[in-house]
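An overview of the molecular structure
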Amino acid sequence: MEHRWLYAWGLGSVALGAASLLVPLYVVALGGDPVALGLLAASAALLGTPGALLWGRVADRTANRRAVVVWSLVGVAASLAAIPVVESVTAVLALNALLWFVSAAGGPVLTLLVVADAPESEWSRRIAALNTYQGYGWAGGLVLGTVWLGVLAPRFASPLSARRWLFAVCGALAAVSAVAAARWVPTVSAAAADLPKGERRRIGRLLSRSHRNAKTATFPFTPNRLYWTTRGIRPRQLLARFSPRLTAYFLAVALFSTGFAAFWAPLPAYLSTAGYGGDATFGLYLATSLASALCYGAVGKLSDRFDARLFQSGALGVRAAAFPAVAVVGTVAGVAGLTANGGVFALLGVTWAVIAVTGTGLVTRLAPATVRGEALGVHAALVAASGGIGGLLGGWTADFGYHVAFAVAGGLVALGAAVVVAIRGLSTPGDSGSGTDASAAQSSESESGTD
């Protein structure tokens, strides 16, 4: 596979990785309150979801898939260039929604391109290559924000000016990425593009079992996975075959996913209020992202040895305690406080690795064999919807105090953990063929990954 075009997408991921935190920090600098941040977070999920589905369908119906990727990156560049020009929080919210709407176009198309003309045995390796460039790019964006706001910001007239110039840099990176994509992204033959339904479901399963991406630890909305895993869902047939335990697990997913979003949405405003500069905030997010990326492999091996239900519920319990702990540690001043918070954020990354790796295995284990693919799609859609609701909830509760918002977030995660613990028999040998499916899920996780 020719890798040169992956550099183009990786460069665009640098811009998106920086923007994922730069936009909330800009809203805070403009005087935006936690409610505005809640709306900002919710818009990425609630508008990015139809964007992922729409753009995937467009890619299916056009022979010029390169153009979809290029125009997606052009839209990212234009959105990033426009945000620092406006000074209205409402306008930033609208442009941020546009940013994540157009950025959702790239993932489904790139997945089609990366598997085109390749035997199925090569798909895991190729998807893993795509993930590597995207993941390193996203982490690179967080590094860029840390360095820019920490080292270069004093050279600008004000912190707000420094952030505006960083938007310009990110927009320029996205524009260069679009030019490179126009030159390097391959075309795909019509025969390779028209994948049979069974192969499309196979791609969805590969993506749903993959988590090796720095992005998902702090920005869990994954449009590519959402598109591929929701293809072919038949709601009536699926609901008729839901087992009580699968339904209970989806309830747990809704609870703890809402809690996650309720924590992350107002967090940039809290860190600014607590005296953390933009560089420190970027650094904390980077600590979470890198900790999760580094732990996926080890967690995958450990999950083969432990009860997945207890493993995940333990990680959820730690997260439930860590969310309100951020508000406590944040009151500690100076280097000691930053170091302590860095440890808490790294712990959040480790727990995310456990939750992400075990989540797909549990869905696969609990779902009847005839609807496992559809159940994975429901899982992805549920995470996206819960992210939108949680963002709104986090912004609203933060108006009563950040300690209230983080306590509510931790409480929802604790409730989700309790539901997971209450689901019996997940590790019973021979239960719904669970052993084989769980092993297959872990094997796929170790081979592939992109969002």
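Residues numbered from 1 in each chain as written. Predicted model: local features only at pLDDT ≥ 70, side-chain atom pairs only at ≥ 80, totals over all residues. Heavy atoms only, no water.

1. Topic: the pattern of salt bridges
Counted only if it meets this: A carboxyl oxygen of Asp or Glu within 4 Å of a side-chain nitrogen of Lys or Arg is what we treat as a salt bridge. Secondary structure elements follow DSSP: runs of H or I of four or more residues count as helices, runs of E of two or more count as strands, with numbering from the N terminus. To sort residues, take the accessible area from a 1.4 Å probe on protein chains only and compare it with the maximum for the residue type: under 20% means buried, over 50% means exposed, and anything in between is partly exposed.
For the coordinates displayed, the defined rule picks out 2 salt bridges. Note that Glu87 is salt-bridged to Arg164, the shortest N-O span being 3.2 Å. With Glu87 in the loop between α3 (65-82) and α4 (89-103) and Arg164 in helix α7 (residues 159-184), this residue pair connects regions lying 77 residues apart in the sequence. Its relative accessible area of 59% is what places Glu87 among the exposed residues.

2. Focus on the packing of α3 against α4
What counts is decided by this rule: For helices, the fitted line uses only the C-alpha atoms of the stretch in contact; every axis is such a line through C-alpha atoms, and the angle between N-to-C directions lies from 0 to 180 degrees. Orientation labels follow simple angle bins: below 35 degrees gives roughly parallel, above 145 gives roughly antiparallel, 65 to 115 gives roughly perpendicular, and whatever is left gives oblique. The hand of a helix crossing depends on one turn: near helix anticlockwise from the far one by less than a right angle means left-handed, and clockwise means right-handed. Here, two residues are considered to be in contact whenever any of their heavy atoms come within 4.5 Å of each other. Residue polarity is assigned by list, with Asp, Glu, Lys and Arg as charged and Ala, Val, Leu, Ile, Met, Phe, Trp, Tyr, Cys and Pro as nonpolar; anything else, Gly included, falls into the polar class.
Contact geometry for α3 and α4: axes closest at 8 Å, N-to-C directions at 165°. In terms of orientation, α3 and α4 fall into the roughly antiparallel class. Both α3 and α4 take part in a crossing whose hand is left-handed. Across the interface between the two elements, Ser72, Gly75, Val76, Ser79, Leu80 and Ala82 of α3 pack against Leu95, Leu98, Leu99, Val102 and Ser103 of α4. Taken together, the residues that form the contact of α3 with α4 break down as 7 nonpolar, 4 polar and no charged.

3. With respect to a nonpolar patch on the surface
The test is simple: Residues form patches when they are more than 30% accessible in relative terms and have no salt bridge. Like charges link within 9 Å. Nonpolar side chains (Val, Leu, Ile, Met, Phe, Trp, Tyr) link within 5 Å. Each accessible area is a Shrake-Rupley estimate made with a 1.4 Å probe; only the visible protein chains count as cover when residues are assessed.
A contiguous nonpolar patch, built from Val35, Leu39, Leu46 and Leu392 and spanning about 300 Å² of accessible area, is present on the exposed surface. At 3 residues, helix α2 (residues 34-61) tops the list of elements feeding residues into the nonpolar patch. By the secondary structure assignment, Leu392 is in helix α17 (residues 372-398). With relative accessibility at 39%, the residue Leu392 sits in the partly exposed group.

4. With respect to the nonpolar core
Convention followed: Residues grouped as a nonpolar core are buried Ala, Val, Leu, Ile, Met, Phe, Trp, Tyr and Cys residues, joined through side-chain atoms within 4.5 Å.
Tyr249, Phe256, Phe260, Phe263, Leu267 and Phe406 are the most contacted members of the largest nonpolar core, which has 105 residues in total. If you tally residues by element for this core, the top one is helix α16 (residues 334-366), at 12 residues. When residues no more than four places from it in sequence are discounted, the contact partners of Phe260 are Leu316, Arg319, Phe323, Trp352, Ile355 and Val413. If you look at the next biggest cluster of nonpolar residues, it comprises 30 residues, including Trp5, Ala105, Ile127 and Ala180.

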